[in-house]
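Per-entry structural report
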Amino acid sequence: MTAPVQTGTGTRLRRAAAGPASFLRATLAIAAKDLRSEFRTKEALNASLAFSVVILLLFSFAFDPTVEQTRALAGGLLWLVFAFAGALILNRSFARELPNDCLDALVASPVPAPALYLGKTLGNWVLLMLVELASLAVFGIFYNAAWTRRLGALVGVVALGTWALSVVGTLFSALTVNLRLRELMLPLLVYPVLIPVLLGAIQLSGPLAMGEPLAEEAGAWLRLLVGFDVIFTALALALSESALVG
Amino acid sequence: MNAIELEDVWKFYGDFPALRKLDLAVPEGACLALLGRNGAGKTTLLRVLAGLMRAGRGSVRVLGADPRNPEVRARLGVLGHGVALYDDLSAFENLALFARLYGLEDASRRARQWLEKVGLGASAGSLVREFSRGMRQRLAIARAFLHDPELLLLDEPFTALDDRAADTLQELLREALARRRTIVLSTHHLKEALERATHAALLVHGRLAFFGERSRRMLEDPGWLYREFGEAA
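Residues numbered from 1 in each chain as written. Chains lettered and ligands numbered in written order. Predicted model: local features only at pLDDT ≥ 70, side-chain atom pairs only at ≥ 80, totals over all residues. Heavy atoms only, no water.

1. Details of the overall build of chain A
Defined as follows: The way it works is that DSSP assigns letters per residue, a run of H or I at least four long becomes a helix, a run of E at least two long becomes a strand, and they are numbered from the N terminus. Residues are treated as being in contact if the distance between any of their heavy atoms lies within 4.5 Å. In this description, accessible areas are obtained by the Shrake-Rupley approach with a 1.4 Å probe, and a residue is regarded as covered only by the protein chains that are shown. The convention is simple: Lys and Arg are positive, Asp and Glu are negative, and His and the chain ends are not counted. Note on charges: their place is set at NZ of Lys, CZ of Arg, CG of Asp or CD of Glu.
When helices and strands are tallied, chain A shows 8 helices and 0 strands. When the elements of chain A are put in sequence order from the N terminus, they spell out α-α-α-α-α-α-α-α. Counting only C-alpha atoms and orienting by the principal axes, one finds that chain A spans roughly 75 × 35 × 35 Å. Put simply, of all contacts in chain A between residues at least 6 apart along the chain, 83% involve residues at least 24 apart. Total accessible area on chain A stands at roughly 11000 Å², and carbon and sulfur atoms take up 69% of it. In chain A, the 17 positive side-chain charges and the 15 negative ones have mean positions that sit 11 Å from each other.

2. Examining the interface of chain B and chain A
Test applied: Summed over both partners, the accessible area lost on bringing two parts together, with a 1.4 Å probe, is the buried area. One speaks of a salt bridge when a side-chain nitrogen belonging to Lys or Arg is within 4 Å of a carboxyl oxygen belonging to Asp or Glu.
Taken together, the contact pairs 49 residues of chain B with 37 residues of chain A. Summed over both partners, the interface of chain B with chain A buries about 3900 Å², with 54% contributed by carbon and sulfur atoms. Contact with chain A buries surface across chain B, with Y86, L101 and K117 of chain B losing the most and accounting together for 17% of the total. Where chain B packs against chain A, one counts 5 salt bridges.

3. Details of the packing of helix α3 (residues 67-95) of chain A against helix α6 (residues 151-176) of chain A
Packed helices, taken two at a time, are described by the angle their axes make and the gap between the axes. Residue and element names in this part refer to chain A. Heads up, the condition is: Orientation is described by lines fitted to C-alpha atoms, with helices fitted over the stretch in contact, and by angles between N-to-C directions that extend from 0 to 180 degrees. These descriptions rest on fixed angle ranges, namely under 35 degrees for roughly parallel, over 145 for roughly antiparallel, 65 to 115 for roughly perpendicular, and the rest for oblique. Helix crossings are classified by the rotation of the near helix relative to the far one: an anticlockwise turn of less than a right angle makes the crossing left-handed, while a clockwise turn makes it right-handed. Charged means Asp, Glu, Lys or Arg here, nonpolar means Ala, Val, Leu, Ile, Met, Phe, Trp, Tyr, Cys or Pro, and polar covers whatever is left, Gly included.
Direction vectors running N to C along α3 and α6 enclose 40°, while the axes themselves pass 9 Å from each other. In terms of orientation, α3 lies oblique with respect to α6. Between α3 and α6 the crossing geometry is right-handed. Here W79, F82, A83, L90, N91, S93 and F94 of α3 lie close against α6, whose contacting residues are V157, V158, G161, T162, L165, S166, G169, T170, S173 and A174. Looking at the contact of α3 with α6, its residues break down into 9 nonpolar, 8 polar and no charged.

4. Remarks on the sheet that holds strand β4 (residues 57-62) of chain B
All names here are of chain B. Put simply, the rule is: The criterion for strand pairing is that DSSP finds at least two bridges linking the strands in question.
Within the open sheet, the 3 strands sit side by side as β2-β1-β4. Their pairing is antiparallel. Strands with a single pairing partner mark the edges of an open sheet, and in this sheet they are β2 (16-27) and β4. Sheet twist, expressed as the mean angle between neighbouring strand axes with direction ignored, is 20°. Here 8 bridges tie strand β1 (residues 2-13) to β2, and the two strands are oriented antiparallel to one another. Note that in β2 the partner of F12 across the bridge is P17.

5. A word on the sheet that holds strand β8 (residues 199-204) of chain B
Residue and element names in this part refer to chain B. With mixed pairing, the 6 strands of this open sheet are ordered in space as β5-β6-β7-β3-β8-β9. Sheet topology places β5 (76-79) and β9 (207-213) at the edges, where each strand pairs with a single neighbour. Sheet twist, expressed as the average angle between the axes of neighbouring strands with direction ignored, equals 15°. Here strand β6 (residues 151-155) runs beside strand β7 (residues 182-186); their pairing, made up of 5 bridges, is parallel. Across the sheet, D155 pairs through a bridge with S186, a residue of β7. In the packing of helix α1 (residues 42-49) onto the sheet, contacts are made with β3 (31-35), β5, β6, β7 and β8, and the angle to β6 comes to roughly 150°. Helix α6 (residues 163-178) rests against β3, β6 and β7 of the sheet, and its axis sits at about 140° to β7.

6. Comments concerning the confidence of the model for chain A
Stated formally: Note: pLDDT gives the predictor's confidence per residue, expressed from 0 to 100.
Residues with a pLDDT of 70 or more make up 92% of chain A, whose mean pLDDT is 91. Per-residue pLDDT stays below 50 along residues 1-11 of chain A; that stretch engages in 23 contacts with residues further than four places along the chain or on separate chains.

7. Focus: the nonpolar core
The cut-off we apply is this: To define a nonpolar core, start from buried Ala, Val, Leu, Ile, Met, Phe, Trp, Tyr and Cys residues and group those joined through side-chain atoms within 4.5 Å. Under the scheme applied here, a residue whose accessible area is under 20% of the maximum for its type counts as buried, over 50% as exposed, and between as partly exposed, the area being computed with a 1.4 Å probe on protein chains only.
Counting residues in each nonpolar core, the largest one holds 116 residues, and the members touching the most others are L6, F98, L139, F145 and L153 of chain B. Broken down by element, the residue count for this core peaks at 8 residues, all from helix α3 (residues 91-101) of chain B. For F98 of chain B, the contacting residues outside a window of four places in its chain are A105 and L106 of chain A together with A84, Y86, R143 and L146 of chain B. The next biggest cluster of nonpolar side chains, apart from the first, holds 47 residues, and it includes A87, I89, L165 and M210 of chain A.

8. Overview of the pattern of salt bridges
All names here are of chain A. Counted according to the given criterion, the structure contains 25 salt bridges over all chains. Linking R71 and E212 is a salt bridge whose minimum nitrogen-to-oxygen distance equals 2.5 Å. Of this pair, R71 sits in helix α3 while E212 sits in the loop between α7 (182-209) and α8 (218-245); the two residues are 141 residues apart in sequence, bridging distant segments of the chain. Among the charged side chains, a salt-bridge network with shared partners connects K33, D34, E38, R96, E97 and K120.

9. A word on the side chain of E38 of chain A
Residue and element names in this part refer to chain A. Worth spelling out the cut-off: Under this definition, polar contacts are N or O atom pairs within 3.5 Å; protein pairs additionally need one hydrogen-donor-capable and one acceptor-capable atom, and for neighbouring residues in sequence, both atoms have to be side-chain atoms.
One can find E38 in helix α1 (residues 20-41). Within the structure, the side chain of E38 is placed 2.9 Å from the backbone nitrogen of A44, a separation counted as a polar contact. Those residues in contact with E38 that sit more than four places away from it in its chain are E43, A44, L45, R96 and L127.

Now the structure itself:
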């Protein structure tokens, strides 16, 4: 023992005031922890990125699609890749907490379960976005697509779709973390729930990835994406305590 | 006032009752030695008290409120079987993370103080995965104590500790008791636990077979509790 730490009832530790600010601080601390940990090991990032690139390359070589064919399949192909590559990242989200019983320490801490869940979701969203942006660049090169022409709108749509993937995937990642077959269970549970949002994201991403404007009916798909994000975020936050403590 | 109050608490794993009709009141400032053979329910009880799982039935009050209340959890220190440290973060990053999660305003300074206190100041920037077992244990002890908890829940804390980590923990427990912190300590090491304890509880098959103040007789003959109450429940 060296330097004593001043503690005791007479010198109570200063704690940050509870409220929205402390909720946000805890959320960001959890997200930053997950990102720092992942950037050091790159376990999920490398696997997810490699999977995305390989699928896009194989598909390109196997079918050698024309511009017309690419226009028809761009949205579906991209979101198929995003969804499967995303599962690799989402599976790691809570599995990362298993060694050394770290999840117990997080759940025992005063961080509200919704903040813990939101931090995890935010970390997953950032990782997924990185993989997806890299995949879009690969898609642009190998499919000769002008994906940067409407970059703002495309990134916006991808961000909305990815938030839905993160929200649902992180919740199910928490629920399946102790299952022996969690790698299998997570996609089986997540994809059926995501069908509406995948449909919307495919419809919106297809033309944007080819550098073309959105059709008139795009507004309805966009509202579906936003509505799904809002509803499932609220639902997941409400269920987070039960998912983490049981 | 009581730091812990249990009333008719049951916990089931499927149909199996791991805790059966527990009634217990631990006063503030007490050191409770939670005794029992493997499978008696010690870890389950500590997890219920820490808010890591809910009781199936009954009332659990910790520091006057439900253990899932964030304000209660901010005043709990938990040391379980695992070290609860991130291998891919440095020692400093681990402690600073938990200091932030516990809402301490001076998280970085606090983390550095505790690294010095447990003798890991020189290894603050090293990743936990590079640490020896003893270093990890000392860091885990620092994590459990760094927010100055009012109630410490320690599950077999001396098991597999090296000499230095055991000394660190002994010293911290002495300091905590001197400041009237409440400690619940599950252990198989009867003699050591009873020497420190003010109270003892014996769980047998999930039932509370004995609870009371530690007596001279327990100190003189640590096995007496098991012989007297161990098979009765």
